[in-house]
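Coordinate inspection notes
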Amino acid sequence: MSIKRHTITAALPYANGPVHIGHLAGCYLPADIYVRYLRSKNEDVIFICGSDEHGVPITIKAKKEGITPQQVVDKYHKIMGDAFREFGISFDVYSRTSSQIHHKTAADFFKKLYDNNGFTEQITEQYFDEEAAQFLADRYITGTCPKCTNENAYGDQCEKCGTSLSPTDLIHPKSTLSGSKPILKQTKNWFLPLDKLSPKIKTFIEQHQDWKTNVYGQCKSWLDSGDGLQPRAMTRDLDWGVPVPVEGADGKVLYVWFDAPIGYISATKELFQNTQNPNKWELYWKDKESRLIHFIGKDNIVFHCIIFPAMLMEHGEFILPDNVPANEFLNLEGDKISTSRNWAVWLHEYLLDFKGKEDVLRYALTANMPETKDNDFTWKDFQTKNNSELADIFGNFINRVLVLTNKNYNGIVPDAKEFEKTDLIALEELIKIPSRIEESLNKFRFREAMSEMMNMARLGNKYLADQEPWKLIKTNEERVKTIMYVAIQIAVNLAIVAEPFLPFTSKKLFHLLNFSPLKWSHSKNSNNISAGHKINEHPEILFSKIEDEEINHQINKLEESKKTNILNSATLQPAKPEISFDDFSKMDIRVGTILEAERVPKTDKLLKLTIDTGLDKRTVVSGIAAWVTPEDAVGKRVSILVNLAPRKIKGIESKGMILMAENPQGELGFVSPVKDETGNGSIIK
Ligand SMILES: [Zn+2]
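In this report, we go over the structure that sits alongside the text.

What counts and how
Residues numbered from 1 in each chain as written. Predicted model: local features only at pLDDT ≥ 70, side-chain atom pairs only at ≥ 80, totals over all residues. Heavy atoms only, no water. 1 Å grid on protein atoms, 1.4 Å probe; cavity = no way out; pocket = protein on both sides within 12 Å on 5 of 7 lines; lining within 4 Å. Points joined across faces, edges and corners; volume = space filled by probe spheres on them. Helix = DSSP H or I, 4+ residues; strand = E, 2+ residues; numbered from the N terminus. Nonpolar A, V, L, I, M, F, W, Y, C, P; charged D, E, K, R; others polar. Phe/Tyr/Trp six-rings, centres within 6.5 Å; stacked < 30°, edge-to-face > 60°. Buried < 20%, exposed > 50% of the residue type's maximum accessible area, 1.4 Å probe, protein only. Lys NZ or Arg CZ within 6 Å of the ring centre and 35° of its normal. Pairing = 2+ DSSP bridges. Donors = N, O, S within 2.8 Å, 3.2 Å for Na, K, Ca; no water. Tetrahedral: all angles 85-135°; square planar, octahedral: opposite > 155°, others 65-115°. Bend = angle between axes of the 7 residues up to and from the residue. Axes fitted to C-alpha atoms, helices over the stretch in contact; angles between N-to-C directions. Contact = heavy atoms within 4.5 Å. Core = buried A, V, L, I, M, F, W, Y, C linked by side-chain atoms within 4.5 Å. Patch = residues over 30% accessible without salt bridge, like charges linked within 9 Å, V, L, I, M, F, W, Y side chains within 5 Å. Areas by Shrake-Rupley, 256 points an atom, 1.4 Å probe, with all protein chains shown as cover. Salt bridge = Lys/Arg side-chain N within 4 Å of Asp/Glu carboxyl O.

1. A short note on the layout of surface pockets
In this structure, the second largest pocket spans a volume of roughly 590 Å³. If you go around the second largest pocket, you meet 22 residues; those closest to its centre are M657, I658, L659, M660 and E662. Put simply, the parts of the chain that give the lining of the second largest pocket at least two residues each are β20 (617-622), β22 (647-649), β24 (657-658) and β25 (660-662). The greatest single-element share of the lining of the second largest pocket, amounting to three residues, is contributed by β20. Considering only residue class, the lining of the second largest pocket consists of 14 nonpolar, five polar and three charged.

The structure is reproduced here in structure tokens:
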């Protein structure tokens, strides 16, 4: 079967937050590199994406912020779309699943399966909020976790102990909509009978043993696991989404994972809808000579390799995915990227902080792409990649070529006189590199492909360093002409092969060479620029160095969010029972100053403190050594409970107690008077 055209999709990003570097390295960058490469080869290709705008998390976010779900998705659709565009992700269409065209496409898809008896109906019992008059999604129910007694566990998971739950597991379930106790009520939903479809899916997967091992392996384990595939509900009791287009389905919408992948089809329709041939979308989805490739992250494998293909098979009119080159996860500074903890580098923020450095992030992310296993992004590595690779190798080579050509020949490409052996070897190597890049890209090995691209820059850099035309110009002018001719050929071919990886740089480079962008096939020629051509006069630096300051700023930004997270995520202890004023006034608390402090031998926690309480000087043993060193303690003004009965601790009589503030992580700090005038012995009341 010959391939005539390519339908390339990138996972629809979920519209309840912006895009971060994990998303980029997971699917948007590899997809973009691949598409740019195909376009450069003059292949017929469309690049499809859009915002995934349905599902429960969006309704919860809307409720929290006091706005409508539509307002939530409008906000993030714009932020994501703008950021992708600025970053050079070259979608042919960036659509959205709240669009009319999508609602109709998804509803029609469902209806066709429904009419073909493609679903099984199941009646289940689900929690229903009588006050709010609606069924409750798992996340809308909270209650006490049966495992750890956390009172704020969700219907699908307890975030304190990590146990995954069903809503009916919760003790004292409560609706988050009205606060009332929900009742169990019967509801009908439509299930995709994956159990029955399992043999067909299995055959399909087994035809694709060429898929990446992480992808094929995960599919096999789903298929071969103990219970095999189970029927999955494709509808939900919810009021945000694509309404289920059958009778008796009021208040139900399509499951977000049913409608989202259909979004690829709707987006393709949208791409052609106002053209001369609005039906052209069908070629990309129905013609056997079209090749469908889904770029996704590993968390979406089951939906793209099993559920969506099952839906497509049941529908019958569409082609099935030819490949699903999913990546693993990217971590950040050694930690899992987390949207809720704000542990992320957000694309729209990067674009503000590093204006004009889109390609640096593209380079650093591609170099660390988690192709076969999880990988890590660090700001230090980002800096090194820019300074030692992009600037020192790529940028340095180009700068030398441009400066020397302008200086020695007024920017006019000199004629090569006679090639020496070194020239021929360099040119031969030059035209071999593109095939190696192709080979890697055809296997979805983007890191390898990009490092071959950099090998071309290295080739150029080394060639000039070896030939030293800046020295030779004084003794052998003719020879330098040939050297510069060769170097210029390397520069222009580098502009061609860099395009999929570093599109902004490629464009700049073509401009600097005063040449129209060339397509991929030209990278196999070693004489693209002829003698006599004039390049642009003012060489611009392609990659400026990134200073420590900028990197430290980013690292500090992350550290700040870590601190905020710790405070936000921890649970405060509940309030103690009420006491009377008399109870309180029995305590005699005074301001004191620590005069001396030493560790209590053979203990980790204890400090022996001598304190001036204004009334006397006394010894207090305090369990604060983990947070305060003896040196830091001396001179500190503290609050001390002076009428606490003396106790012996490790053989030392301790009279009274220092008051400490303890945060949810158990970290201690002194409670000190703010004003200097409140001297020792002042009463705290
Ligand atoms: Zn729990």
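Here the narrative resumes, following the displayed structure.
2. Here's the deal with the packing of aromatic side chains
Following the criterion strictly, the structure yields 38 aromatic pairs and no others. For the pair F354 and W379, a centre-to-centre distance of 5.6 Å together with 20° between the ring planes defines the contact as stacked. Placement of the pair is F354 in the loop between α10 (347-353) and α11 (358-367) and W379 in helix α12 (residues 379-409), with a sequence separation of 25 residues. Residues F354 and W379 agree in their burial class; the two are buried. Ring pairs connect the aromatic residues F109, F110, Y114, F119, W190, F258, W281, W285 and F318, which therefore count as one cluster. Against the face of F128 rests K185, its NZ or CZ located 3.9 Å from the ring centre.

3. Notes on the sheet that holds strand β15 (residues 330-332)
What the three strands build is an open sheet, ordered β16-β15-β17; its pairing is mixed. Taken across any chain shown, the strands that pair with only one partner, and hence form the sheet edges, are β16 (335-336) and β17 (375-377). Across two bridges, β15 lies against β16 in antiparallel orientation. Looking at the pairing, N331 lines up with K336 of β16.

4. Focus: the coordination of the zinc ion
The zinc ion binds to the protein through C145 (SG), C148 (SG), C158 (SG) and C161 (SG); the donor distances cover 2.3 Å. Here the zinc ion binds four donor atoms, and the angle range of 105 to 113° at the metal identifies the geometry as tetrahedral. On the primary sequence, the residues serving as donors to the zinc ion are separated as C-x2-C-x9-C-x2-C. A residue pair is termed long-range when its members are at least 10 positions apart, and C148 in the loop between β6 (141-144) and β7 (153-154) and C161 in the loop between β7 and β8 (171-175) qualify at 13 residues.

5. Re α12
Along α12, the helix axis deviates most sharply at A391, where the bend reaches about 40°. N410 sits one or two positions beyond α12 and adopts a positive phi of about 50°.

6. Topic: the pairing of strand β19 (residues 607-612)
Regular strands place side chains that alternate from one sheet face to the opposite one. β19 sits mainly inside the fold: five of its six residues count as buried. Bridge count for β19 against β20 is six bridges, and the pairing is antiparallel. Within β20, the residue paired with T610 across the bridge is T619. Adjacent in sequence and paired antiparallel, β19 and β20 are bridged by four residues, among which G614 carries a positive phi angle near 85°.

7. Side note on the sheet that holds strand β1 (residues 5-10)
If you walk across this open sheet you meet the five strands as β3-β2-β1-β13-β14, and the pairing is parallel. Looking along the sheet, the strands with just one partner apiece sit at the ends: β3 (93-96) and β14 (321-323). Adjacent strand axes in the sheet meet at a mean angle of 35°, parallel and antiparallel pairs treated alike. Each of β1, β2 (44-51), β3 and β13 (290-295) is contacted by helix α7 (residues 256-273), which is oriented at about 115° to β2, the strand it contacts most.

8. Let's talk about the nonpolar core
Nonpolar side chains tend to gather and get buried jointly when the protein is soluble and globular. Of all hydrophobic cores here, the largest spans 173 residues; its most connected members are F258, F377, F382, F394 and M453. For this core, the element with the most residues is helix α16 (residues 477-498), which contributes 15 residues. Setting aside residues no more than four positions away along its own chain, F394 makes contact with E389, M453, M454, A457, L494, A498, L502, T505, L509, L542 and F543. Judged by nonpolar contacts, the second largest core, of 15 residues, contains I594, L607, I611 and V642.

9. What to know about the side chain of S654
Position of S654 among the secondary structure elements: in strand β23 (residues 652-654). Take S654: its relative accessible area is 4%, and that puts it in the buried class. Leave out the neighbours within four places in its chain, and S654 touches T619, V620, V621, P646, R647 and I649.

10. What to know about a nonpolar patch on the surface
There is a patch of nonpolar side chains on the surface, built from I579, F581, F584 and M587 and spanning about 420 Å² of accessible area. Looking at the secondary structure, you find F581 in helix α19 (residues 581-585).

11. Focus: the pattern of salt bridges
Enumeration over the complete set of coordinates arrives at 47 salt bridges. A salt bridge links E121 to K188, with the nearest nitrogen and oxygen atoms 3.6 Å apart. Highlighted residues: E121 in strand β4 (residues 120-129) and K188 in strand β9 (residues 183-192), separated in sequence by 67 residues. Given a relative accessible area of 45%, E121 falls into the partly exposed group.

12. Regarding empty space enclosed by the protein
Rolling a probe over the atoms, with the probe sized like a water molecule, indicates the empty space that remains. In this structure the tally under the stated criterion is one cavity of 30 Å³ or more. Its volume calculated, the largest cavity comes out at about 40 Å³. Around the largest cavity, the lining residues are L12, C49, G50, S51, S95, R96, T97, H102, G263, S266 and A267. Contributions of two or more residues to the lining of the largest cavity are made by β2, β3 and α7. Looking at side-chain class alone, the lining of the largest cavity contains three nonpolar, seven polar and one charged residues.

13. Focus: the environment of K181
Relative to the helices and strands, K181 is located in the loop between β8 and β9. Among the residues examined, K181 registers a relative accessible area of 63% and is labelled exposed.

Everything listed here is a matter of geometry and, on its own, says nothing about what the molecule does.
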